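Chain by chain, the residues:
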Amino acid sequence: MNRIIIITCAALLFTGCATQPKLEDYTNNPSGLWEEGKTLSKKGEALIIKGEKNIENARINANKGEALIQSGNDAIQRARQDYQLEATKAGRSSSPKEIEYEAERLAAIGENWEDAQDSVKQGNKLIAQSEKKKVEGQQQIENGRKLVEQGTNFIRNSQRMRLEQPLTSETK
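Parameters at a glance
Residues numbered from 1 in each chain as written. Predicted model: local features only at pLDDT ≥ 70, side-chain atom pairs only at ≥ 80, totals over all residues. Heavy atoms only, no water. Helix = DSSP H or I, 4+ residues; strand = E, 2+ residues; numbered from the N terminus. Expected span 1.5 Å × (residues − 1). Core = buried A, V, L, I, M, F, W, Y, C linked by side-chain atoms within 4.5 Å. Buried < 20%, exposed > 50% of the residue type's maximum accessible area, 1.4 Å probe, protein only. Salt bridge = Lys/Arg side-chain N within 4 Å of Asp/Glu carboxyl O. Patch = residues over 30% accessible without salt bridge, like charges linked within 9 Å, V, L, I, M, F, W, Y side chains within 5 Å. Areas by Shrake-Rupley, 256 points an atom, 1.4 Å probe, with all protein chains shown as cover. Lys, Arg positive; Asp, Glu negative; His and termini not counted. Charge placed at Lys NZ, Arg CZ, Asp CG, Glu CD. pLDDT = per-residue confidence, 0-100. Contact = heavy atoms within 4.5 Å. Axes fitted to C-alpha atoms, helices over the stretch in contact; angles between N-to-C directions. Parallel < 35°, antiparallel > 145°, perpendicular 65-115°, else oblique. Left-handed = near helix turned anticlockwise from the far one by under 90°. Nonpolar A, V, L, I, M, F, W, Y, C, P; charged D, E, K, R; others polar.

Caption draft 1: Inspection of helix α3 (residues 96–162) at higher detail. Helix length check: α3 (67 residues) gives 98 Å between terminal C-alpha atoms against 99 Å at 1.5 Å per residue, within 8%. In the stretch just after α3, Glu164 is the one whose phi turns positive, near 55 degrees.

In structure tokens, the structure reads:
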């Protein structure tokens, strides 16, 4: 039941958002055309700002991801070197306490290595997410520019209506 309600609301929302005003809707109504132009321009500017913020956040997350990958790779390298050093010492123990210490030390190195691998994975996730946000931001900027252009054309044509000049066909 909830799915049906959500799908219905989504359909209504998308169809409402999909209808773009057209020049023909404002025949002999320059004031309405002017207002619609201002509204479209404001929506476009807000979308551009939102897109720019998304792109900036994507850059920040990409930098964080790269830093996580770098620190993870450094930690993996240290863990690998620690393991190689411990592995050369292993087998020389002469008491159960020394064997226990070797085992604990190797386990700690293994845990550090796993933590470093997790850091690299997290960095890769951040970079992937930032790429998605970057694409989303670019799309928002593109859509915002189209809205600003359409709004500007509406405003221009409202002035042309008032001056009884032929309208430009730039408005779609």
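On we go from here.
Caption draft 2: Molecular detail of the nonpolar core. By size, the foremost hydrophobic cluster in this structure holds 5 residues: Leu33, Leu40, Leu147, Phe154 and Met161. Those elements giving two or more residues to this core turn out to be α2 (30–89) and α3. Take this core: its biggest share by element is 3 residues, from α3.

Caption draft 3: The arrangement of the pattern of salt bridges in detail. Tallying each qualifying case throughout the model produces 5 salt bridges. For Glu136, the salt bridge is made with Lys133, and the minimal N-O distance between the two is 3.9 Å. Residue Glu136 and its partner Lys133 are both found in helix α3; the two are separated by 3 residues, about one turn of the helix. Classification of Glu136 by relative accessible area gives partly exposed; the value is 36%. Judged by relative accessible area, Lys133 falls into the partly exposed class, the value being 36%. With a closest N to O distance of 3.4 Å, Glu142 and Lys146 form a salt bridge. Of the two residues, Glu142 and Lys146 are both situated in helix α3; the distance of 4 residues between them amounts to about one turn of the helix. Residue Lys146 is classed as partly exposed on the basis of its relative accessible area, which comes to 47%.

Caption draft 4: Structural view of a negative patch on the surface. Side chains of Glu111, Glu114, Asp115 and Asp118 sit close together on the surface and give a patch of like negative charge. For Asp118, the position within the fold is in helix α3. Judged by relative accessible area, which is 46%, Asp118 ranks as partly exposed.

Caption draft 5: Highlighting the confidence of the model for the chain. Per-residue pLDDT for the chain has a mean of 83; in total, 80% of the residues score no lower than 70. Note that pLDDT drops below 50 for residues 12–16; the model gives that stretch 0 contacts with residues more than four away or on any other chain.

Caption draft 6: Looking closely at the packing of α2 against α3. Relative orientation of the contacting elements α2 and α3 amounts to 165 degrees, with a least axis distance of 4 Å. In terms of orientation, α2 and α3 fall into the roughly antiparallel class. Every pair of crossing elements has a handedness; the one defined by α2 and α3 is left-handed. Tallied by class, residues from the contact of α2 with α3 come to 28 nonpolar, 28 polar and 19 charged.

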